[in-house]
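Residues per chain, in single letters:
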Amino acid sequence: MSPQKRVERLRHNILFENIDDATFARIRKVLIERHYRAGELIRKEGDPSKCLFLIVAGRVKIVRTDKSNQEVLLALLHERDFFGELELIDGRESNSHVIAVEDCILYELPKLAFDQLLSENHPFAVRLLQVLSVRLRALNHHHAQQLEHFAEHSRAELEKLRRLINATEVVNSTLNIDELLPLIIDTALGIVNAEAGTLYLIDPEKHELWSKVLRGSTYVEIHMPLGKGIAGYVAATRETINIPNAYLDTRFNPEIDARTGYHTTSILCTPIINKNGQIIGVLQLLNKRDGEFGGDDESFVNALSIHSALALDNAKTYELERQRQAIEKELHAARNVQMSLLPQSPPLIEGYDIAGTTITAQLVGGDYFDFIPVDEQRTIICLGDVSGKGLPAALLMANLQAILRSELMLKASPRRTMRRTNKLLCQSTASDKFVTLFYGLLDNLNHTFRYTNAGHEWPILLRKGEEPSRLSKSGLVLGIQEETAYEEDTVVLQLGDTLVIYSDGVNEAMNSNNEQFGQQKLELFLRSHTHLRAAEMIDQLVAAVKHHVGDAPQADDITVVVVKRNQ
């Protein structure tokens, strides 16, 4: 641009329109010409007021930096505009940056010349006031519009928040998952004004989505693998997707429409992610009634999905707790039944002190002991250990007791009783279940104890002046092989003898250091406590085992029977 052209443009600056040529010629002599490239800083915030800037060519922007260090545009000025007048009038530092938007030519009018022109030239002063008035009115109008927009935005956000709060109250109104699923769908449909929707839940074990609720013309239960279809894609990617035309999207599976008779147009689908970051479901909405799903719809369903995840987690937790309480109630009932099957008191046999107890590791156990009178002279004493723990073991234990008591009518020997019991258990028990059993017949007149053993711990016989001995005749555990023979043996119980029958929950009891109570410690304990009565001996043994275990959980049932000949 030629110097003459620049002067002509300067003469037409809005501030100089009312001054005469002589005044302009005088001002022209003190003006300083400046050139700035695009992006160059012309004046920075905090600069002192030294001159008035007159734009001859190009554009400049006036900006400020907010508290978040973001640039806020205050004004965009073109040729014939000016800036810097307020700082010259009030003498304060600049409160904004001025940056060249493109290559610019500016003229600077020094403060002294500006002050002189303002005080001596009335037309200049009037024009300056007029321009400042227009700018102030424009600024006021801009602020008013901003406040109006802000108010509208705030009202809209408050309405969204109100709707979300109402939706949250609805989805948290029940802990019944069958009621919760349609509540979530109905709430979402009502807010985004969609025709139909499906809430898919994820089965992590099967790696599939399944739909329990479908809103549309029909109810259809759908199962699909993760990654298949729109919902499967969302479940795999954890992304919210908004599809205006379903049949143009390759991820859409038209087979579902074919099965249901429904025609899908638009789809909004979002993942439901719980507080642990796990995706637990997918909410899919179909066919917005008044156009396509928009950004507000996406924001709402995303917010709703957070509260839906909490509600679903609460419902699942409640259901699991309800099931746990029901199971615990059943187990307490089973325990009462099981305890009623065990001897309520020891047998009163002349010449003998007999006691027994069982302490289950769980509410119900798999250990079994019994005292079954045959006649006035003979009594069956048995102790068994069913594989496993809990209710299945307790049921098998009850079956074992029923078989043993039914065998009394045959008055068979211990080994024949064991053989028949094994055969019956094989026929009525799963192949992965078995029982160890010690079975003995006490004759209190002849003081003989005739016994057989199906894989159980060998009982310990304590006799004065002798080392502890073991009743070591043994055979295969019950319930494994149908045709099995068992050996039997007979011992004569002398005055002062003590026979201890126990389950492996005693000798294999383990502490937190993985140290078992052990056979040696058991025999040492028994030898030093034979002076006690049978019940006291059992109590002391159980206390010793618990002391050894300490804070470690009880891993197995503890069952002990003690038979002492005292006359």
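To start, this report covers the structure provided alongside it. Note that residues are indexed from 1 along each chain, following the sequence as it is written. Note on the predicted model: pLDDT of at least 70 is required for a residue's local features to be given, and 80 or more for side-chain atom pairs to be given and counted; whole-chain, interface and lining totals, by contrast, use all residues. Note that the side-chain values use all heavy atoms of the structure and ignore hydrogens as well as water.

### Things to note about the overall build of the protein
- A run of DSSP states H or I qualifies as a helix once it reaches four residues; a run of E qualifies as a strand once it reaches two. Both are numbered from the N-terminal end. The number of helices and strands found in the protein is 14 helices and 24 strands.
- Note that the radius of gyration is over C-alpha atoms, with the globule rule given as 2.2 Å times the number of residues to the power 0.38. Over its C-alpha trace the protein gives a radius of gyration of 47 Å, far above what one expects of a compact globule, namely 24 Å for 567 residues.
- In the protein, which comprises 567 residues, the proportion classed as buried is 44%.
- Considering only intrachain contacts with a sequence separation of at least 6, the fraction spanning at least 24 residues in the protein is 68%.
- Carbon and sulfur atoms form 51% of the exposed surface of the protein, whose accessible area is close to 29,700 Å².
- Asp and Glu are treated as the negative residues and Lys and Arg as the positive ones, with His and the ends of the chain left uncounted. Every charge is mapped onto a representative atom, which is NZ of Lys, CZ of Arg, CG of Asp or CD of Glu. The averaged location of the 76 negative side-chain charges in the protein is 3 Å from the averaged location of its 62 positive side-chain charges. Exposure is judged per residue with a 1.4 Å probe applied to protein chains only, and the accessible area is read against the type maximum: over 50% gives exposed, under 20% gives buried, and values in between give partly exposed. Contacts: residue pairs with any heavy atoms within 4.5 Å of one another. Note on areas: these come from Shrake-Rupley sampling with a 1.4 Å probe, and a residue is covered only by the protein chains present in the view.

### With respect to the packing of helix H6 (residues 177-192) against helix H9 (residues 295-341)
- Axis definition: a line fit to C-alpha positions, over the contact stretch in the case of helices; interaxial angles, taken between N-to-C directions, run 0 to 180 degrees. Between H6 and H9, the shortest axis-to-axis distance is 11 Å and the interhelical angle comes to 170°. Between H6 and H9, the angle falls in the class roughly antiparallel. From H6, Ile-177, Leu-180, Leu-181, Ile-184, Ala-188, Ile-191 and Val-192 reach across to H9, where they touch Asp-297, Phe-300, Val-301, Leu-304, Ser-308, Ala-311, Leu-312, Ala-315 and Lys-316.
- Note on residue classes: Ala, Val, Leu, Ile, Met, Phe, Trp, Tyr, Cys and Pro are nonpolar, Asp, Glu, Lys and Arg are charged, and everything else, Gly too, is polar. Tallied by class, the residues present in the contact of H6 with H9 amount to 13 nonpolar, one polar and two charged. The scheme is simple: roughly parallel for angles under 35 degrees, roughly antiparallel for over 145, roughly perpendicular for 65 to 115, oblique for anything else.

### Some remarks on the layout of surface pockets
- If you add up the space inside the largest pocket, you get close to 1,000 Å³.
- Put plainly, a pocket is an open set of points on a 1 Å grid over the protein atoms alone with protein on both sides within 12 Å along at least five of seven lines, a cavity is a set where a 1.4 Å probe fits but cannot get out, and a lining residue has an atom within 4 Å of a point. If you go around the largest pocket, you meet 31 residues; those closest to its centre are Ile-62, Leu-74, Ala-75, Leu-86 and Leu-139.
- Those elements giving two or more residues to the lining of the largest pocket turn out to be strand E4 (60-65), strand E5 (71-77), strand E6 (82-83), helix H3 (85-90) and helix H5 (122-171).
- The leading source of residues in the lining of the largest pocket is H5, at 10 residues.
- Tallied by class, residues from the lining of the largest pocket come to 17 nonpolar, six polar and eight charged.
- Grid points are joined across faces, edges and corners, and a volume is the space filled by probe spheres set on the points. In this structure, the second largest pocket occupies an estimated 340 Å³ of space.
- With four residues, H9 is the largest single contributor of residues to the lining of the second largest pocket.
- The residue makeup of the lining of the second largest pocket, split by class, is six nonpolar, five polar and four charged.

### A closer look at helix H1 (residues 3-11)
- If you check which residues of H1 are buried, you get Arg-6, Leu-10 and Arg-11. Projected onto a plane normal to the axis of H1, the buried residues spread over an arc of 140° and lie on a single side.
- In this structure, the buried side of H1 is in contact with helix H2 (21-30), strand E1 (32-36), strand E3 (51-57) and strand E8 (104-110). It is the directions from the helix axis to the C-beta atoms whose arc is reported.

### Examining the pattern of salt bridges
- By definition, a salt bridge exists where a carboxyl oxygen of Asp or Glu is found within 4 Å of a side-chain nitrogen of Lys or Arg. Counted by the stated rule, this structure contains 27 salt bridges.
- For Arg-324, the salt bridge is made with Glu-321, and the minimal N-O distance between the two is 2.6 Å. With a gap of three residues between them, Arg-324 and Glu-321 both fall in helix H9, about one helical turn apart.
- Residue classification places Arg-324 among the partly exposed residues on the basis of a relative accessible area of 41%.
- What makes Glu-321 partly exposed here is its relative accessible area of 32%.
- The partner of Glu-328 in a salt bridge is Arg-324, and the shortest N-O contact between them spans 2.5 Å. Of this pair, Glu-328 and Arg-324 both sit in helix H9, separated by four residues, roughly a single helical turn.
- Assessed through its relative accessible area of 31%, Glu-328 is described here as partly exposed.
- Residues joined in a network through salt bridges with shared partners are Glu-17, Arg-80 and Arg-127.

### So, the sheet that holds strand E15 (residues 352-359)
- Strand pairing is defined by DSSP finding a minimum of two bridges between the two strands. With antiparallel pairing, the five strands of this open sheet are ordered in space as E15-E24-E23-E20-E21. Edge strands, defined here as strands with exactly one partner in the open sheet, are E15 and strand E21 (469-470).
- Two strands pair when backbone bridges link them, and strand E20 (residues 460-462) and strand E23 (residues 498-502) are joined in this way by three bridges, in the antiparallel orientation. Bridging from a neighbouring strand, Leu-462 pairs with Thr-498 of E23.
- Lying over the sheet, helix H13 (residues 519-527) contacts E20, E21 and E23, oriented at roughly 30° with respect to E20.

### Side note on the side chain of Ser-49
- Following the sequence through the fold, Ser-49 ends up in the loop between strand E2 (41-43) and E3.
- What Ser-49 contacts, discounting residues up to four positions off in sequence, is Glu-87, Leu-88, Gly-91, Arg-92 and Lys-111.

### Points about the side chain of Asn-121
- Along the polypeptide, Asn-121 turns up in the loop between helix H4 (111-120) and H5.
- Only 2.9 Å separates the side chain of Asn-121 from the backbone nitrogen of Phe-124, close enough to count as a polar contact. A 3.5 Å cut-off defines polar contacts: any pair of N or O atoms within that distance qualifies, except that in protein one atom must be a possible hydrogen donor and the other a possible acceptor, and neighbouring residues in sequence count only when both atoms are side-chain atoms.

### A word on unusual backbone geometry
- Even without being a glycine, Arg-80 presents a positive backbone phi close to 85°.
- By secondary structure assignment, the location of Arg-80 is in the loop between E5 and E6.
- In this structure, Arg-238 is a non-glycine residue whose phi angle is positive, near 65°.
- Take Arg-238: it is sitting in the loop between helix H7 (229-237) and strand E12 (241-243).
- With a relative accessible area of 39%, Arg-238 lands in the partly exposed category.

### As for empty space enclosed by the protein
- Overall, the coordinates contain two cavities of 30 Å³ or more when judged by the stated rule.
- In this structure, the second largest cavity occupies an estimated 100 Å³ of space.
- Val-374, Arg-378, Ile-380, Glu-407, Leu-408, Lys-411, Ala-412, Thr-417, Tyr-439 and Leu-441 are the residues that line the second largest cavity.
- Sorting the residues of the lining of the second largest cavity by element identifies strand E17 (378-386) and strand E18 (435-443) as the ones contributing at least two each.

### Description of the nonpolar core
- Among the nonpolar cores identified, the biggest contains 40 residues, and Ile-381, Phe-449 and Leu-478 are the most heavily contacted of them.
- When neighbours within four sequence positions are excluded, Phe-449 is seen to be in contact with Ile-381, Phe-438, Gly-440, Leu-441, Leu-442, Leu-471, Asp-489, Thr-490, Val-491, Leu-493 and Leu-499.
- Take the buried Ala, Val, Leu, Ile, Met, Phe, Trp, Tyr and Cys residues and link them wherever side-chain atoms come within 4.5 Å; each set so joined is a nonpolar core. Of all hydrophobic cores here, the second largest spans 24 residues; its members include Leu-462, Phe-517, Met-537 and Ala-552.

### Description of the packing of aromatic side chains
- Only Phe, Tyr and Trp rings take part, Trp by its six-membered ring, and two of them pair if their centres are within 6.5 Å. Stacked means planes under 30 degrees apart, edge-to-face means over 60, and tilted covers everything else. Taken as a whole and judged by the stated rule, the model has seven aromatic pairs.
- Centre to centre, the rings of Phe-16 and Phe-24 are 5.8 Å apart; their planes meet at 65°, and the pair counts as edge-to-face.
- Exposure remark for Phe-16: the relative accessible area of 0% places this residue in the buried category.
- Note on Phe-24: relative accessible area 8%, which makes it buried.

Taken by themselves, the reported measurements are silent on function.
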